[in-house]
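Observations on chain architecture
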Amino acid sequence: MAESLVFIIVSLIKSVVLVSLIMVSVMIGVYLERRILGFIQLRYGPNRCGPYGILQSVADGIKLFCKQDITLPVTEKTIYILAPLIAGVTALFPFVAIPFADKIAPDTITLFGKVFDLTKYSLNRGVIADLPGGVLFILAVSSLSVYGVLLAGWSSDNKYSFLGAMRVASQMLSYELFLGISIMGVLMITGSIRMTEIVEAQKHMWFVVYQPLGFILYMIAGFAEACRTPFDLIECENELGSGFNTEYSSMKFALFYLAEYIHIITISAIAVTLFLGGWQGPWLPSGIWFIIKVACLFIFFIWVRGTYPRVRFDQLMSVGWKYLFPIAMANLIATGICVLFL
Amino acid sequence: MENLKDYIKGVIESLPPESLVSHVEFRDQVTLVVRQVSLLEVLKILKDDFGYKYLIDVTAVDRYEDDPRFEVVYHLWCHERNCLLRVKTWASQGEPPTIPSVVGLWNTANWHERECFDMFGIVFEGHPDLRRILLWEGFDGHPLRKDYPVEGR
Amino acid sequence: MRKEIIKLNVGPQHPSTHGVLRLLVELEGEVVVSCDPDIGYLHRGIEKLMENRTYHRSIPLTERVDYLAGAANSLGYVLAVERLLGISEIPERARYIRVIVAELTRIASHLFWLATHGHDLGAMTPLFYALRDREIIMDFFETWAGKRLFPNMFRVGGVARDFPDGLEQEIKKFALELPQRMRDYETLLTKNPIWINRTKGVGVLTKEEVLDYGLSGPMARGSGLNFDIRRVDPYLGYDEFEFVVPLGENGDTYDRYLIRLEEMRQSCNIILQAVDRLPKGDIMIEDYQVAFPPKDKVINGEYLIPHYLLVVKGFKAPKGEIFHHTEAPKGELGFYIVSDGSEHPYRVKIRTPSFVNLQVISKLAKGRLLSDLIALIGTIDIVLADVDR
């Protein structure tokens, strides 16, 4: 009884800390994106709020909080209101299984004269829940995020939003598949789908060395999954006028906005865990390494946004199914053969 | 320049004589004034036989108080010889004034004629889709007519 | 399976319709079944206004026809009026200044096109690069005329103000630098596979279709039709400048993109030649019946009276009609002026390139995707003020 209470409390603390960390990093991420895009595009970016404009995200957040929340007289009101919540919450889900640091607590603690073993359920490690099927869990919940966007676009009673929603449905369908296949190679090499074990297995060499193709494919699929340039078809302001979130305002919009950036962080975090050695690295504490790696990938996302135009909807689909999917399959088979005979 | 003049002279000579009312030259630009009945025929000859394949513009001029009132002006360009030709005719008398449409010869005439209809109220017979183009449906009057007031409508 | 057609109203408030264009689009899935442009939201009745103004007072109005290339429009108008009056020679310096300004305007317009076209297709960065360079041109205009978008310095018989000291060298420096900077833009787009996929094979026009739809400018040259009015019907002595008229082969959006980029380089080329040859001297003809006397002489009664008459009453143009076309950045800009011998034109028709070029969109968009429609609006390079007048 007491043991499960400790488990709940520790997990809760970890979750709260993690969620607030993610929120802060989203804020930093938005600021970084605007500053780096500004740097790429020869302009300043935000530089008025606070030193170097670092408080810009706070200002934006306050502004969005204070905005009038316009609820449209849509037919499916429940779904219309629920959709941003779904988008925001599902974006956070995968973090449950992502190990963000090594040990963060001693193996045992003594509470009220009783010794609790924290190694059970990996409570002392930097992961909320070290699920035995971590990768599967991540794959499963990350595809849930499509519902937020889909329902939002569908319930908005707006043709542009509707088109955006239709796009996201087909986009997810084609990219979720080879996203899964592209990381199978890693699982084969490790022989486990527990996230912590995958990280441990990269102690000597990152998997990106063994699985360069897998990494590239994962990143492409990740861009599509996070709906970022060049795959930001669902919102593309130039065609659909922001697509699915056109009809949302105030905090509902903020949730979508938040979800988009959380998504980028999630994709980067998964990539770091599976291919770039997770929290492992010399000299610095493990959590710091994790943050640095995720930040690098995040900046890569921004860099791509400043460089590429947007692909066309049908081209995205055909590239996904005709080229990337077979390549991912070939990569999977080749890895299988290597694992079997070497 | 002389070559061009000869060319246009040749053009005028080969047109059916009954179709041509007159031709005017002003600042090196030739205007052919043709009868309305032979407008399509003349334009077709110009397009097919003399290389005036590019219809630059269709517009109208309101000769208020004259009868017939509306001049319709076609500007043609020959890409091979790089020369301009203006063909002019009148819309029929009466209200609304009418004239055959040249959309069958050039698709580009579509919007030009719609604009003329919008601004002058000239009806182009045989136009596939004669609607107002710049002003909205239900607009009263045709603003480029000379009897349309500039202000204080 | 039941198929339903979605009627989509693209515009008049839409981020990539470049103004107040409204497209009534019927979609089947994302495929455009029909596309009907609805224009006229920016109709200001410039033609009607011009009928009631003197010839000089219309010059500022014409600049507002295509607000991204203001000087190119007033140039066309001024040349048409000069032809109507029979003025064939203007002072050399004025002529070269006109050429330089016209080409700078062309570059500015094309840069803005590059910015918006890129942004329509999702490439955000070229927008800022191109607008930076456009800003330099705007600064030139500001130095010269005090105004940025509409210099309003062309007059019948010359230009109103000479270039200030040192501006020629600045322009020369810019014309030398721009082609190098454009290499940066090209690294972002020209060989980018996504850009190529988005633009190649989109909006293909054959030569016959170009003639049929009366297209001009880069829209015509993209399909290989060698039609540049600066070459085929030279004005302002363009025949003495060396420049290449770039032609496309496939007539698609990509070719038109390459052509406009090349035109910017050629414009730089023309500017360099014009700056080098720019002579010293007058900038206005001395026929004070039609041209304004120089400002410093107006205190003298000999000049004051004609100046006064010109401002208050204007000049009388001979009876007749004239069509003059120039190569505006977006295509053929024609002014058809009918004069009845009075101080006001009897009728002015402005044949704007955007109006004619836009018409082809319903044909090009049919059977393409909604995303292609956006690319097509960009490649036609319209300005809605130019369409509606």
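So, a few notes on the structure that sits alongside this text. (Residues numbered from 1 in each chain as written. Chains lettered and ligands numbered in written order. Predicted model: local features only at pLDDT ≥ 70, side-chain atom pairs only at ≥ 80, totals over all residues. Heavy atoms only, no water.)

**As for the overall build of chain C**
Of the regular secondary structure elements, chain C holds 16 helices and eight strands. What you see for chain C is a C-alpha radius of gyration of 22 Å, in line with the 21 Å of a compact globule of 389 residues. With respect to the principal axes defined by its C-alpha atoms, chain C has extents near 85 × 45 × 35 Å. For chain C, contacts bridging at least 24 residues in sequence account for 69% of all contacts bridging at least 6. Carbon together with sulfur atoms contributes 51% to the accessible area of chain C, which is approximately 13300 Å² in total. Each charge class in chain C can be summarised by its mean position, and for the 49 positive and 54 negative side chains these summaries are 3 Å apart. (Helix = DSSP H or I, 4+ residues; strand = E, 2+ residues; numbered from the N terminus. Rg over C-alpha atoms; globule rule 2.2 N^0.38 Å. Contact = heavy atoms within 4.5 Å. Areas by Shrake-Rupley, 256 points an atom, 1.4 Å probe, with all protein chains shown as cover. Lys, Arg positive; Asp, Glu negative; His and termini not counted. Charge placed at Lys NZ, Arg CZ, Asp CG, Glu CD.)

**Regarding the overall build of chain B**
Scanning chain B from terminus to terminus reveals three helices and seven strands. Reading chain B from its N end, one meets helices and strands in the order α-β-β-α-β-β-β-β-α-β. The C-alpha radius of gyration computed for chain B amounts to 16 Å, which stays within 12% of the reference 15 Å derived for 153 residues, consistent with globular compactness. Once the C-alpha set of chain B is aligned to its principal axes, its extents read approximately 50 × 30 × 25 Å. The proportion of buried residues among the 153 residues of chain B is 59%. (Buried < 20%, exposed > 50% of the residue type's maximum accessible area, 1.4 Å probe, protein only.)

**What to know about the interface of chain A and chain C**
Each partner contributes residues to the interface: chain A has 28 residues there, and chain C has 36 residues. Summed over both sides, the interface of chain A with chain C buries roughly 2700 Å², with 58% coming from carbon and sulfur. Put simply, glutamate 30 of chain C and arginine 167 of chain A hold a salt bridge, and the shortest N to O gap is 2.5 Å. For the pair chain A and chain C, the interface holds 11 residue pairs in polar contact (both at pLDDT 80 or more). Broken down by element, the side of chain A that touches chain C gets its largest block of residues, five residues, from helix H6 (residues 159-182) of chain A. (Buried area = accessible area lost by both parts, 1.4 Å probe. Salt bridge = Lys/Arg side-chain N within 4 Å of Asp/Glu carboxyl O. Polar contact = N/O pair within 3.5 Å; in protein donor to acceptor, adjacent residues only side chain to side chain.)

**A few points about the environment of isoleucine 194 of chain C**
If you trace the backbone, isoleucine 194 of chain C turns up in helix H7 (residues 193-199). Residue isoleucine 194 of chain C is classed as buried on the basis of its relative accessible area of 13%. When residues no more than four places from it in sequence are discounted, the contact partners of isoleucine 194 of chain C are Pro230, Tyr308, Pro309, Arg310 and Val311 of chain A.

**A look at helix H2 (residues 56-66) of chain A**
Residue and element names in this part refer to chain A. Those residues of H2 that sit buried are Gln56, Ser57 and Leu64. Summarising the axial view, the buried residues of H2 lie within an arc of 95 degrees, below the 170-degree limit, and thus occupy one face. Facing away from the buried surface of H2 by more than 90 degrees, the exposed residues are Phe65 and Cys66. (Arc of directions from axis to C-beta.)

**Here's the deal with a nonpolar patch on the surface**
Residues and elements named next belong to chain A. Judged by side-chain polarity, Val24, Met27, Ile28, Tyr52, Ile54, Leu55, Val58 and Ile62 come together as a nonpolar surface patch covering roughly 750 Å² of accessible area. Of all the secondary-structure elements, those providing two or more residues to the nonpolar patch are helix H1 (2-40) and H2. Tallying contributions element by element places H1 first for the nonpolar patch, with three residues. By secondary structure assignment, the location of isoleucine 28 is in helix H1. (Patch = residues over 30% accessible without salt bridge, like charges linked within 9 Å, V, L, I, M, F, W, Y side chains within 5 Å.)

**Section: the interface of chain C and chain B**
Each side of the interface is counted separately: chain C has 44 residues, and chain B has 45 residues. In total, about 3800 Å² of surface goes out of reach between chain C and chain B, with carbon and sulfur atoms giving 56% of it. Linking chain C with chain B are six salt bridges, by the criterion used here. Here aspartate 36 of chain C makes a salt bridge to arginine 131 of chain B, at a shortest N to O gap of 3.4 Å.

**A look at the sheet that holds strand S2 (residues 29-34) of chain B**
All names here are of chain B. Pairing in this open sheet of five strands is mixed, and the strands run S1-S2-S5-S4-S3 from one edge to the other. Lying at the two open borders of the sheet, with one neighbouring strand each, are strand S1 (20-26) and strand S3 (54-62). Sheet twist, expressed as the mean angle between neighbouring strand axes with direction ignored, is 20 degrees. Pairing of strand S4 (residues 70-78) with strand S5 (residues 83-90) involves eight bridges; the strand directions are antiparallel. Each bridged residue has a counterpart across the sheet, and for tyrosine 74 the counterpart in S5 is valine 87. Relative to S5, helix H2 (residues 39-49) is tilted by about 170 degrees, and along the sheet it contacts S2, S4 and S5. (Pairing = 2+ DSSP bridges. Axes fitted to C-alpha atoms, helices over the stretch in contact; angles between N-to-C directions.)

**A short note on the arrangement of the chains**
With two pairs of chains in contact, the largest contact count belongs to chains B and C. Separated throughout, chain A and chain B approach each other most closely at a C-alpha pair spaced 25 Å apart.

**Some points on the pairing of S2 of chain B**
Residue and element names in this part refer to chain B. With six of six residues buried, S2 lies mostly within the body of the structure. Burial along S2 is two-sided: Gln29, Thr31 and Val33 and Val30, Leu32 and Val34, pointing in opposite directions, are all buried. Judged from the three bridges that link them, S2 and S5 form a sheet pairing that is parallel. In the sheet register, leucine 32 faces S5, and the bridge partner there is valine 87.

**Looking at the pattern of salt bridges**
All names here are of chain C. The final tally for this structure, using the stated rule, is 49 salt bridges over all chains. Linking lysine 316 and glutamate 343 is a salt bridge whose minimum nitrogen-to-oxygen distance equals 3.9 Å. Taken together, the residues lysine 316 in the loop between helix H12 (301-312) and strand S6 (320-328) and glutamate 343 in the loop between strand S7 (331-339) and strand S8 (345-351) connect sequence positions 27 residues apart. Exposure remark for lysine 316: the relative accessible area of 57% places this residue in the exposed category. Residue glutamate 343 is classed as buried on the basis of its relative accessible area, which comes to 17%. Taken together, the salt bridges that share partners define one network made up of Glu103, Arg106, Arg221, Asp228, Arg230, Glu263 and Glu327.

**A word on the packing of aromatic side chains**
Residue and element names in this part refer to chain A. Scanning all chains against the criterion turns up 33 aromatic pairs over all chains. Aromatic side chains tyrosine 175 and phenylalanine 231 sit 5.8 Å apart centroid to centroid with 45 degrees between the ring planes, which places their arrangement in the tilted category. Linking tyrosine 175 in helix H6 with phenylalanine 231 in the loop between helix H10 (212-226) and helix H11 (237-240), this pair joins segments that are 56 residues apart in sequence. For phenylalanine 231, a relative accessible area of 11% gives the class buried. (Phe/Tyr/Trp six-rings, centres within 6.5 Å; stacked < 30°, edge-to-face > 60°.)

**Some thoughts on a positive patch on the surface**
On the surface, Arg64, Lys147, Arg161 and Lys295 of chain C cluster together into a patch of positive charge. Structurally, the position occupied by lysine 295 of chain C is in the loop between helix H11 (253-277) and H12.

**Some thoughts on unusual backbone geometry**
Positive phi is not limited to glycine here, since aspartate 157 of chain A has a value of about 55 degrees. With respect to the helices and strands, aspartate 157 of chain A occurs in the loop between helix H5 (145-155) and H6. Positioned with a positive phi, asparagine 82 of chain B is a non-glycine residue whose angle comes to about 55 degrees. Along the chain, asparagine 82 of chain B turns up in the loop between S4 and S5. For asparagine 82 of chain B, a relative accessible area of 25% translates into the label partly exposed.

Note that every value here comes from positions in space, so none of it alone points to a role or purpose.
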